[in-house]
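Commentary on secondary and tertiary structure
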Amino acid sequence: MKIALIAHDKKKSEIIELAKKYKDILAHHELYATGTTGTMIMGETKLDIYRLKSGPLGGDQQIGAMLANGEIDLIIFLRDPLTAQPHEPDVSALLRLCDVQKIPLATNEISATIMLEALKNKVFFD
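The paragraphs below set out a description of the structure included in this document. (Residues numbered from 1 in each chain as written. Predicted model: local features only at pLDDT ≥ 70, side-chain atom pairs only at ≥ 80, totals over all residues. Heavy atoms only, no water.)

1. Structural notes on the overall build of the chain
As a reminder, the rule being used: Secondary structure elements are taken from DSSP: a helix is a run of H or I of four residues or more, a strand is a run of E of two residues or more, and numbering for both begins at the N terminus. Here, residues are in contact when the closest pair of their heavy atoms is within 4.5 Å. Using a 1.4 Å probe, accessible areas were evaluated by the Shrake-Rupley method; residue-level cover was limited to the displayed protein chains. Two residue types count as positive, namely Lys and Arg, and two as negative, namely Asp and Glu; His and chain ends fall outside the count. The location of each charge is read from NZ of Lys, CZ of Arg, CG of Asp or CD of Glu.
Looking only at helices and strands, one finds six helices and five strands in the chain. The dimensions of the chain, computed from C-alpha atoms along their principal axes, are 35 × 30 × 25 Å. Considering only residue pairs separated by 6 or more positions, the chain has 66% of its internal contacts joining residues 24 or more positions apart. Total accessible area computed for the chain in this model is approximately 6,800 Å², and 52% of it derives from carbon and sulfur atoms. Placing the 15 positive and 17 negative side-chain charges of the chain at their respective mean positions leaves the two points 2 Å apart.

2. Remarks on the side chain of aspartate 60
Inspection of the secondary structure puts aspartate 60 in helix α4 (residues 59-68). Setting aside its immediate chain neighbours within four residues, aspartate 60 contacts Ile6, Thr34, Gly55, Phe77, His87, Asp90, Val91 and Leu94.

3. As for unusual backbone geometry
The cut-off we apply is this: Burial classes follow relative accessibility: with a 1.4 Å probe on protein chains only, a residue under 20% of its type's maximum area counts as buried, one over 50% as exposed, and anything between as partly exposed.
A positive phi is found at lysine 102, a non-glycine position, where the angle reads about 55 degrees. Counting through the fold element by element, lysine 102 comes out in the loop between α5 (88-101) and β5 (105-106). Since its relative accessible area comes to 72%, lysine 102 is described here as exposed. A positive phi is found at lysine 122, a non-glycine position, where the angle reads about 55 degrees. Take lysine 122: it is sitting in the segment after α6 (109-121).

4. A look at the environment of glutamine 101
With respect to the helices, strands and loops of the structure, glutamine 101 is situated in helix α5. Owing to a relative accessible area of 34%, glutamine 101 belongs among the partly exposed residues under this scheme. Excluding residues that lie within four positions of it along the chain, glutamine 101 makes contacts with Leu67 and Ala68.

5. Things to note about the sheet that holds strand β1 (residues 2-7)
Under the convention used in this document: What makes two strands pair is DSSP finding at least two bridges between them. Angles here are taken between N-to-C directions and fall from 0 to 180 degrees, while the axes themselves are lines fitted to C-alpha atoms, restricted in helices to the stretch in contact.
Here we have five strands laid out as an open sheet, ordered β3-β2-β1-β4-β5, and parallel in their pairing. Where the open sheet ends on each side, the last strands, each with one partner, are β3 (49-51) and β5. Relative to β5, strand β4 (residues 74-78) is paired through two bridges, and the arrangement is parallel. Paired with isoleucine 75 across the two strands is leucine 105, which belongs to β5. Relative to β4, α6 is tilted by about 150 degrees, and along the sheet it contacts β1, β4 and β5.

6. Here we look at the side chain of lysine 12
Which entries qualify depends on this criterion: Contacts described as polar in this section are N or O atom pairs within 3.5 Å, which, within protein, must combine one atom able to donate a hydrogen with one able to accept it, while residues neighboring in sequence count only if both atoms come from side chains.
By the secondary structure assignment, lysine 12 is in helix α1 (residues 12-21). Assessed through its relative accessible area of 8%, lysine 12 is described here as buried. At 2.8 Å, the side chain of lysine 12 and the side chain of threonine 37 are in polar contact. Among all residues touching lysine 12, those that are not within four sequence positions of it are Ala7, Thr36, Thr37 and Met40.

So yeah, pure geometry; function would need other evidence.
Given below as structure tokens:
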């Protein structure tokens, strides 16, 4: 499964903790991440991650293009809903594409945990 990992600045510590907790599960999948998020996760977990540009520099759009081409199966995007993002139109487009392509999308720590537990237990995904 191809999984994209994205986190706004104030959520980076949360996505790192999730990646550490589910490292053994994530290691069995092809991982993609926006630049800074990917670098930070790799530094803490040693997971192999294909890093794209940072979100504000087009990383969200790169993942969106992959999603539109059927190259992403699940997205964990820990968003900060209380801080304005300069690239909000890109974020909105990515969320819309997930709905159009019927791609599972976790936008907070609890929904991400549910998805990762499902992967761990092979409940919903192969």
